[in-house]
There are 4 protein chains.
Amino acid sequence: MATAHTDALRRLGVQVRGIVGRTPERGDTAARRLGLPRAYRSLAEVLEDRSVQAVHIVTPNSLHAQQVMQALEAGKHVICEKPLAPSSEEASALVDMSLHADTVTAVCLNVRYYPQCIHARDLIARGRIGTVRMVTGRYHQDWLARATDWNWRLEPDQQGRLRAVADIGVHWLDLVQTWLDDRIDSVFADLYTFLPKRRRPTATMETFRHVRDEEVSGVEVDVHSDDAAALLARFRNGARAVATFSQVSYGNKNCIEVQVDGSESSLTWRSEEPEYLWLGHRGQPNELVTKDYDLLSDLATKKARYPVGHVEGYPDTFVSLFGDVYDDILRGGRSAQPRYPTFTDGYDLVLICEAIEESARVGRWVPV
Amino acid sequence: MATAHTDALRRLGVQVRGIVGRTPERGDTAARRLGLPRAYRSLAEVLEDRSVQAVHIVTPNSLHAQQVMQALEAGKHVICEKPLAPSSEEASALVDMSLHADTVTAVCLNVRYYPQCIHARDLIARGRIGTVRMVTGRYHQDWLARATDWNWRLEPDQQGRLRAVADIGVHWLDLVQTWLDDRIDSVFADLYTFLPKRRRPTATMETFRHVRDEEVSGVEVDVHSDDAAALLARFRNGARAVATFSQVSYGNKNCIEVQVDGSESSLTWRSEEPEYLWLGHRGQPNELVTKDYDLLSDLATKKARYPVGHVEGYPDTFVSLFGDVYDDILRGGRSAQPRYPTFTDGYDLVLICEAIEESARVGRWVPV
Amino acid sequence: MATAHTDALRRLGVQVRGIVGRTPERGDTAARRLGLPRAYRSLAEVLEDRSVQAVHIVTPNSLHAQQVMQALEAGKHVICEKPLAPSSEEASALVDMSLHADTVTAVCLNVRYYPQCIHARDLIARGRIGTVRMVTGRYHQDWLARATDWNWRLEPDQQGRLRAVADIGVHWLDLVQTWLDDRIDSVFADLYTFLPKRRRPTATMETFRHVRDEEVSGVEVDVHSDDAAALLARFRNGARAVATFSQVSYGNKNCIEVQVDGSESSLTWRSEEPEYLWLGHRGQPNELVTKDYDLLSDLATKKARYPVGHVEGYPDTFVSLFGDVYDDILRGGRSAQPRYPTFTDGYDLVLICEAIEESARVGRWVPV
Amino acid sequence: MATAHTDALRRLGVQVRGIVGRTPERGDTAARRLGLPRAYRSLAEVLEDRSVQAVHIVTPNSLHAQQVMQALEAGKHVICEKPLAPSSEEASALVDMSLHADTVTAVCLNVRYYPQCIHARDLIARGRIGTVRMVTGRYHQDWLARATDWNWRLEPDQQGRLRAVADIGVHWLDLVQTWLDDRIDSVFADLYTFLPKRRRPTATMETFRHVRDEEVSGVEVDVHSDDAAALLARFRNGARAVATFSQVSYGNKNCIEVQVDGSESSLTWRSEEPEYLWLGHRGQPNELVTKDYDLLSDLATKKARYPVGHVEGYPDTFVSLFGDVYDDILRGGRSAQPRYPTFTDGYDLVLICEAIEESARVGRWVPV
């Protein structure tokens with residue numbers, strides 16, 4: 001993620017001062033690889049540097065809450081990778097802190113920044129598909145499909161109890177809540193651990209990297225977190241959602257799908273062909289919206305940087321997200337109604353995750 | 001459906017003797033339109049005709065059970081549209097009767113007869129995707145998306161209490177149970193009636209026909225059956241299923257999707273491009289199986305009648321289904337393990353529907 | 001093709017009297033396999049049978065002209081597989097005969113009968129895409145991609161000098177001429193024989209069947225006909241066409257693609273997903289027309305037999321084609337402006353083929 | 001293009017010193033918009049700045065040759081947008097100059113830098129599809145489809161005589177020559193000017209921007225350049241190519257398609273879903289290669305920066321291209337066999353364009 005953040009900040013003309021590694025050596029290596037001026041020895045050293053205005057937290061999940069707190073106390077703007085915190089209590093505390101601070105705060109829920117996702121949100125807001133009835137979809141990956149796959153997310157002390165839900169499901173949930181401008185108020189969930197035993201490798205694994213044969217260790221580890229999950233949800237305004245999240249679905253490399261059924265039309269978006277938005281109709285042909293500036297909403301147009309037909313992708317969503325955040329930073333403070341994901345959004349997702357976990361445990365609907 | 005059945009039987013070289021209409025006039029019209037030798041006045045008249053060996057029941061759901069019973073008593077072979085019966089008691093009685101009869105009995109679950117569906121079943125049986133973990137998918141239509149859409153299926157006394165589940169969901173469930181060669185043993189369901197009030201038109205509506213403006217009546221009718229449904233299910237062997245069934249999803253004309261995630265690979269089939277089977281892998285490219293006779297299993301090859309690349313579709317599934325049924329009829333009796341859907345399959349689906357209804361009512365997992 | 005014809009005729013309620021095989025034994029086998037009442041010993045025997053009204057010619061190309069002539073002389077209606085005749089002289093003679101006969105004559109150019117192809121033609125005729133500028137596309141197959149693939153079409157005395165063009169290209173050309181209601185008036189072509197030497201197998205090969213290893217013979221045969229071809233064409237009204245036809249393109253099982261660029265919009269159809277018509281726009285989203293009876297033209301609706309979303313395919317095109325032909329047969333004679341492909345259409349395609357062959361030889365544009 | 005270049009250079013950590021506008025005012029505006037330190041008054045001023053090592057030429061085509069020459073004379077590294085020069089004489093002179101200079105030179109043919117395009121090239125080089133038989137495809141856009149569309153490319157003195165071919169066709173040709181590691185040695189072409197009269201607007205038009213109603217002027221302008229073109233080509237090693245290039249095809253926003261038919265398999269790539277490479281087979285299922293690092297060649301892997309399933313697009317190709325060029329710049333000189341497009345490649349494309357123009361004029365095959 002350090003690469004994605006650095007890359008996007010540079011495209012915005014933001015000066016990236018440096019990086020902190022897990023160890024000084026890793027920091028030096030990363031700084032060299034990314035061409036950064038400096039590797040800080042520690043977060044404390046960063047926070048003392050008065051030339052640093054904003055801090056990006058892209059560490060393992062268990063460290064987020066404490067590091068955000070330190071950065072806020074030091075008066076820095078904070079952009080934190082999701083999840084914001086391991087529990088709703090901690091997330092709530094961070095929301096409180098952020099509301100009392102003068103600085104800008106954001107959570108890296110980048111998916112909502114695909115131009116077609118911005119457009120979808122605007123279409124729904126303008127009533128173009130009518131009242132939303134039902135949202136269906138999935139977020140499926142396959143990089144943890146085998147018992148020999150490994151990543152720090154499989155360590156419960158680094159990831160938390162939820163995995164597929166907390167790691168990828170939250171992107172789907174954030175997208176849908178943003179599109180509907182509505183909040184989920186109860187959930188029913190089923191969590192699946194298809195691989196209750198895995199082998200931890202001898203090497204540290206980068207995310208999405210596969211363990212090589214020689215790295216497979218003899219140590220079998222019990223895993224309790226969710227390889228996949230099924231979710232039914234109800235929104236405050238009556239809409240329903242049904243989704244599956246999976247990190248063990250072969251062939252789905254990073255497949256987000258959302259279909260929103262309204263009372264007049266439907267819309268569907270798929271992350272693997274992100275430049276298309278499919279509109280479903282009756283009595284007129286279904287439509288495929290492309291990145292055509294005669295068609296896209298003003299906000300979507302503003303965030304699409306390249307000509308029609310010239311595909312933009314995942315890296316570009318970070319530019320759009322950080323663009324909004326740094327607009328606020330340059331203006332000197334939070335907008336009244338930021339489009340970018342706030343700590344409140346991050347907190348809300350932690351609440352949903354906790355309700356999901358409880359529902360799966362008790363086998364009933366649970367309010368958020 | 002009379003057209004689909006007649007068409008398929010003729011392609012098999014089966015002589016179609018005649019048809020019974022709801023009224024004698026409708027019967028005469030249908031016989032003329034289809035070029036059939038005769039319109040019978042009643043089912044009784046059909047059953048008395050000794051030249052008739054087999055009877056196809058394609059009436060509204062509420063009549064199936066009684067008509068099947070009469071036909072069995074008359075010693076005819078019976079092919080019945082789904083659902084077999086409105087309750088598991090009645091369905092069970094029909095299974096008993098059929099097991100004691102010498103005649104061949106079948107339920108028209110035609111979806112499993114797409115060549116790629118036969119191939120998918122064979123791939124799973126041969127262990128080609130490993131142990132099945134999870135099945136996800138949908139069966140979505142849009143022909144009942146508006147409050148002015150109407151069909152006899154909206155009349156509770158003709159359809160039963162379940163609609164989307166009983167009318168289309170059962171095809172999805174049959175397909176998945178067939179592929180996995182496994183039975184669902186518990187379900188959790190949520191049923192959605194997005195249009196609790198509809199307008200019954202002045203004319204009788206054919207299935208899939210839309211009400212014209214002048215036919216919309218002033219009579220508002222309360223509807224309690226499911227416009228859409230969400231289903232979580234557990235199979236005896238541990239696999240999980242997650243599906244949505246909807247008749248109100250704009251743009252989805254008749255969209256069946258099934259993704260089966262196994263421990264080695266996955267497979268996906270979509271009814272709207274039925275000649276492709278998508279195989280998901282890791283470490284090798286995903287694959288698109290076409291109707292290539294070098295690739296398809298023997299059974300799939302046997303059921304595909306046209307050259308590779310020459311698309312076969314929905315009408316052809318009936319030819320394949322009836323082909324298997326009439327093979328047994330010609331041989332003079334039921335095979336030991338018929339590939340075609342039996343009354344037992346039909347009964348099993350009624351049991352699942354009842355569990356779905358109960359689960360939605362009590363908000364808990366319910367065993368089948 | 002005997003199967004496709006028999007199957008389609010039966011669906012129309014037409015009584016198929018019998019079949020003639022290449023040998024009496026093959027005729028008997030075919031009659032048995034297809035459940036036909038009779039195997040005639042010869043075409044002469046068929047023509048003497050006064051109960052036979054219409055004859056379908058589905059023999060190798062070199063026999064078409066003579067057999068058509070005999071059947072016309074016997075006063076039968078004639079439906080002939082393409083190509084109508086090996087040369088424009090012979091085709092012209094058949095056109096003359098057919099114009100003087102009282103009987104109905106047709107050539108089996110079935111592709112124009114896909115419901116979306118009928119709809120495309122109607123859209124263009126109604127000016128919905130403006131003036132046609134350019135037509136691009138392809139007809140690619142792969143069943144002759146290897147030197148060990150074999151079929152009678154590789155024998156020059158049975159097929160004629162052109163192969164990919166004459167066998168599949170003519171379908172593309174007929175479709176495009178029909179859609180544009182215009183005639184090609186000059187062509188530039190390049191013909192490719194990538195496999196100048198092939199191995200003729202020891203067994204007779206059915207079309208689309210692959211030679212098994214044990215059937216590959218040691219006899220190498222020189223092949224001069226086109227494995228693939230490139231065509232540039234100009235229409236009388238100024239539109240241009242660019243197409244490739246190939247029987248040696250791996251992975252393309254039977255892939256027809258046509259994109260028509262007009263002055264207002266474009267349309268694209270692909271035979272491998274035949275139920276969709278893609279409309280290209282600017283200033284409004286591109287559209288995907290499905291078999292929605294609220295959208296399709298009256299003629300397309302009349303020819304689509306199954307509900308929206310229930311895929312129809314290749315076999316169904318023959319039902320639609322023969323339906324039109326037998327309507328005329330039942331009415332007792334040719335319509336003034338038949339929608340079905342006539343001998344004049346067949347003759348026109350032979351003329352284009354001859355111009356293609358000449359152009360490839362001389363390396364210049366050649367008028368048709 | 002200034003944005004695309006600046007964006008990509010920043011991602012590489014290259015310091016962008018400034019920009020030259022068509023006028024000082026436009027230069028100032030651009031520098032401000034892009035956050036660049038400086039707007040130079042003229043190219044001369046840039047060339048005098050000793051801190052500038054490399055110059056990117058992204059001006060209208062007619063200025064390229066002269067500006068490249070000046071930059072080379074000043075000892076700068078030069079990266080030039082295509083086309084390199086308006087005639088083969090001038091292009092040849094630039095090649096000579098560049099071969100005698102110590103600096104690095106490149107032409108911005110970025111399409112070959114999509115990860116799947118790199119992989120395709122490597123697959124072909126490794127013989128994975130056998131001997132190449134035929135390459136088919138298209139490069140279609142629609143942004144000049146109407147008589148009121150305008151851009152400097154429609155001014156013959158700025159663009160040259162060829163438009164669709166020279167502006168977009170060359171990308172297709174470069175890609176194919178690169179993949180096949182072969183050169184086109186003769187061409188047959190047909191050029192189409194469907195809109196011989198257009199209206200030049202009152203405002204200056206950015207590329208891909210559409211003229212607004214109030215900007216449409218009363219001045220009708222004659223246009224002679226190609227709205228679209230058809231090309232047949234022969235490669236030195238015997239392969240054939242067939243392509244169409246169009247800027248007037250509604251609905252095709254920026255659609256590059258290439259299918260390469262080999263003697264063992266085929267491969268297809270489409271720019272609008274750039275992360276997939278489709279492999280066509282017989283006897284095994286067709287395959288869809290995704291950006292899976294277990295599958296991609298080493299070079300493709302090196303150039304893909306984001307995890308599997310996280311779509312990269314058009315902006316990323318410039319990072320990859322400039323990455324290779326600046327590697328050479330940092331190393332202090334041209335590699336022996338650069339992967340990036342050289343002036344020789346640019347020259348070769350000018351030669352092909354001239355042969356295309358001549359062939360269309362004389363109606364015959366013309367050697368390159």
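Look above for the structure.
Here goes a summary of the coordinates provided.

**Some words on the sheet that holds strand E5 (residues 105–107) of chain A**
All names here are of chain A.
Piece 1. Strand order in the open sheet formed by three strands is E3-E4-E5, and the pairing between neighbours is parallel. Each end of this open sheet is capped by a strand with a single partner; those strands are strand E3 (54–57) and E5. This sheet shows a mean twist of 10 degrees between the axes of neighbouring strands, independent of strand direction.
Piece 2. As defined by bridge partners, E3 adjoins strand E4 (residues 77–80) across four bridges and the pair is classed as parallel. Within the sheet, the bridge partner assigned to Val55 lies in E4 and is Val78.

**Remarks on the interface of chain A and chain B**
Many structure descriptions define interface size as the accessible area lost when the parts assemble.
Piece 1. Every contact between the two is made by 47 residues of chain A and, on the other side, 47 residues of chain B.
Piece 2. When the area that chain A buries against chain B is broken down by residue, the three leading residues are A:Arg133, A:Tyr250 and A:Arg282, summing to 24%.
Piece 3. Summed over the shared surface of chain A and chain B, the result is six salt bridges.
Piece 4. The partner of B:Arg282 in a salt bridge is A:Asp149, and the shortest N-O contact between them spans 2.6 Å.
Piece 5. Across the contact surface, chain A and chain B share 34 residue pairs in polar contact (both at pLDDT 80 or more).
Piece 6. For the side of chain A that touches chain B, the secondary-structure elements that each account for two or more residues are strand E6 (132–141), strand E7 (184–192), strand E10 (228–235), strand E11 (240–246), strand E12 (254–262) and strand E14 (277–280) of chain A.
Piece 7. The element best represented in the side of chain A that touches chain B is E6(A), accounting for six residues.
Piece 8. A per-class count over the side of chain A that touches chain B returns 16 nonpolar, 18 polar and 13 charged.

**Section: the environment of D:Ala71**
Residues and elements named next belong to chain D.
Piece 1. Residue placement: Ala71 occurs in helix H4 (residues 64–73).
Piece 2. In this structure Ala71 comes out as buried when scored by relative accessible area, which is 0%.
Piece 3. It is 8.4 Å that separates the C-alpha atoms of Ala71 and Leu43, two residues lying 28 residues apart in sequence.
Piece 4. Ignoring any residue separated from it by four or fewer positions in sequence, one finds Ala71 in contact with Leu47, Lys76 and Val78.

**Digging into helix H10 (residues 314–331) of chain B**
Since the α-helix turns once every 3.6 residues, residues separated by three or four places project in the same direction.
Residue and element names in this part refer to chain B.
Piece 1. With 18 residues, H10 should reach 26 Å at 1.5 Å per residue; the first-to-last C-alpha distance of 27 Å fits that figure.
Piece 2. Counting buried residues along H10, 15 of its 18 residues qualify, which places the element largely inside the surrounding structure.
Piece 3. In the segment just after H10, Gly332 is the residue with positive phi, at about 95 degrees.

**Some words on the interface of chain A and chain D**
Piece 1. Contact with chain A, which involves 29 residues of that partner, is made by 29 residues of chain D.
Piece 2. Looking at the side of chain A facing chain D, the largest losses of area belong to A:Tyr306, A:His310 and A:Val311, adding up to 21% of the total buried there.
Piece 3. Connecting chain A to chain D are four salt bridges.
Piece 4. The partner of D:Arg11 in a salt bridge is A:Asp7, with the nearest N and O atoms 2.8 Å apart.
Piece 5. Secondary-structure elements contributing two or more residues to the side of chain A that touches chain D are helix H1 (2–11) and helix H10 (314–331) of chain A.
Piece 6. Considering every element that reaches the side of chain A that touches chain D, the biggest residue donor is H1(A), with five residues.
Piece 7. Across the side of chain A that touches chain D, the residue classes break down as 10 nonpolar, nine polar and 10 charged.

**Re the relation of the copies chain A and chain D**
Superposition of the two copies of the chain requires a rotation about an axis together with a shift along that axis.
Piece 1. Mapping chain A onto chain D calls for a screw motion: a turn of 180 degrees about the axis and a shift of 0.0 Å along it, with 0.0 Å RMSD after fitting. The symmetry that links the two subunits is that of a two-fold axis.

**Considerations on the relation of the copies chain A and chain B**
Piece 1. The transform that puts chain A on chain B rotates by 180 degrees and translates by 0.0 Å along the axis, for an RMSD of 0.0 Å.
Piece 2. A high fraction, 100%, of the interface residues of chain A reappear at the interface in chain B, so the copies pair face to face through one surface.

**Brief notes about the packing of helix H5 (residues 88–100) of chain D against helix H11 (residues 343–362) of chain D**
Residue and element names in this part refer to chain D.
Piece 1. For the pair H5 and H11, the least separation of the axes is 9 Å and the interaxial angle reads 170 degrees. Comparing their axes, H11 and H5 come out roughly antiparallel. For H5 against H11, the interelement crossing comes out left-handed. Along its contact with H5, which presents Ser88, Ala91, Ser92, Leu94, Val95 and Ser98, the element H11 presents Phe343, Thr344, Tyr347, Val350, Leu351 and Glu354.
Piece 2. Each residue belonging to the contact of H5 with H11 can be placed in one class, and the counts come to seven nonpolar, four polar and one charged.

**Side note on the sheet that holds strand E5 (residues 105–107) of chain B**
Residues and elements named next belong to chain B.
Piece 1. Spatially, three strands are ordered E3-E4-E5 in an open sheet, and the strand pairing comes out parallel. The strands lining the two open edges of the sheet, one partner per strand, are strand E3 (54–57) and E5. Put simply, the sheet's adjacent strands are angled 10 degrees from each other on average, direction ignored.
Piece 2. Sheet topology note: the strand E4 (residues 77–80)/E5 ladder contains three bridges and is parallel. Of the residues in E5, the one forming a bridge with Ile79 is Ala106.

**Describing the pairing of strand E15 (residues 286–289) of chain D**
Piece 1. Pairing analysis gives three bridges linking strand E15 (residues 286–289) of chain B to E15(D), with the strands arranged antiparallel. In the strand pairing of E15(D), B:Glu287 is matched with D:Glu287.
Piece 2. Bridge count between strand E14 (residues 277–280) of chain D and E15(D): three bridges; the pairing is antiparallel. Bridging from a neighbouring strand, D:Leu279 pairs with D:Glu287 of E15(D).
Piece 3. Between the antiparallel neighbours E14(D) and E15(D) lie five residues, among them D:Gly283 with a positive phi of about 85 degrees.

**Topic: the pattern of salt bridges**
Piece 1. Considering all chains together, one arrives at 112 salt bridges over all chains under this definition.
Piece 2. Taking the shortest distance from any N to any O, the salt bridge between A:Lys253 and A:Asp142 comes out at 2.7 Å. Note that A:Lys253 is positioned in the loop between E11 and E12 and A:Asp142 in the loop between E6 and helix H7 (156–159), a separation of 111 residues in sequence. Here A:Lys253 and A:Asp142 have matching classes, each one buried.
Piece 3. Its salt-bridge partner being C:Arg183, residue C:Asp348 comes within 2.6 Å of it at the nearest N-O pair.

**Structural notes on the environment of D:Phe322**
All names here are of chain D.
Piece 1. Relative to the helices and strands, Phe322 resides in helix H10 (residues 314–331).
Piece 2. Accessibility expressed as a relative area gives 0% for Phe322, which makes it buried.
Piece 3. Along the backbone, Phe322 and Ala164 are 158 residues apart, and their C-alpha atoms lie at a distance of 25 Å.
Piece 4. Residues in contact with Phe322, not counting those within four places in the same chain, are His5, Ala8, Leu9, Leu12, His56, Ile79 and Cys108.

**Digging into the environment of C:Leu173**
Residue and element names in this part refer to chain C.
Piece 1. By the element assignment, Leu173 lies in helix H8 (residues 164–180).
Piece 2. Look at Leu173 and you get buried, because its relative accessible area is 0%.
Piece 3. For Leu173 and Ala243, which are 70 residues apart along the polypeptide, the C-alpha to C-alpha distance reads 9.2 Å.
Piece 4. Setting aside residues up to four positions removed in sequence, Leu173 forms contacts with Ile184, Leu231, Phe245, Leu349, Ile352 and Ile356.

**Details of unusual backbone geometry**
Piece 1. In the segment running from A:Lys82 into A:Pro83, the intervening peptide bond is cis, with an omega of -5 degrees.
Piece 2. In this structure, A:Pro83 sits in the loop between E4 and helix H5 (88–100).
Piece 3. In this structure, D:Asp181 takes a positive phi of about 50 degrees despite not being glycine.
Piece 4. In this fold, D:Asp181 is placed in the loop between helix H8 (164–180) and strand E7 (184–192).

Rules and cut-offs
- Per chain, residue numbering runs from 1 following the sequence as it is written.
- The lettering of chains begins at A and the numbering of ligands begins at 1, in the order of writing.
- For a predicted model such as this one, the threshold for reporting local features is a pLDDT of at least 70, and the threshold for listing and counting side-chain atom pairs is 80 or more; totals across whole chains, interfaces and linings nevertheless cover every residue.
- Calculation of side-chain values draws on the structure's entire complement of heavy atoms; hydrogens and water are dropped beforehand.
- Two strands are said to pair when DSSP picks up at least two bridges between them.
- The helix count covers DSSP runs of H or I at least four residues long, the strand count covers runs of E at least two residues long, and both are numbered beginning at the N terminus.
- For every element, the axis is a line fit to its C-alpha atoms; helices are fit only across the contacting stretch, and the angle between N-to-C directions ranges from 0 to 180 degrees.
- Whether two residues are in contact is decided by their heavy atoms, any of which lying within 4.5 Å being enough.
- Buried area is calculated as the accessible area (1.4 Å probe) missing from two parts once they are joined, with the contributions of both summed.
- For this analysis, a salt bridge means a side-chain nitrogen from Lys or Arg found within 4 Å of a carboxyl oxygen belonging to Asp or Glu.
- Here a polar contact is recorded for every N or O atom pair within 3.5 Å, except that within protein the pair must consist of a potential hydrogen donor and a potential acceptor, and residues adjacent in sequence are included only if both atoms are side-chain atoms.
- The classification used treats Ala, Val, Leu, Ile, Met, Phe, Trp, Tyr, Cys and Pro as nonpolar, Asp, Glu, Lys and Arg as charged, and all other residues, Gly among them, as polar.
- Classification of residues uses two cut-offs on accessible area relative to the type maximum, computed with a 1.4 Å probe and protein chains only: under 20% is buried, over 50% is exposed, and between them is partly exposed.
- One less than the residue count of a helix, multiplied by 1.5 Å, gives the span that helix is expected to have.
- Superposing copies: least-squares fit, C-alpha atoms only, residues required to have pLDDT of at least 70 in both.
- Convention used here: angles under 35 degrees read as roughly parallel, angles over 145 as roughly antiparallel, angles from 65 to 115 as roughly perpendicular, and any remaining angle as oblique.
- Rotating anticlockwise by less than a right angle from the far helix to the near helix defines a left-handed crossing, while the corresponding clockwise rotation defines a right-handed one.

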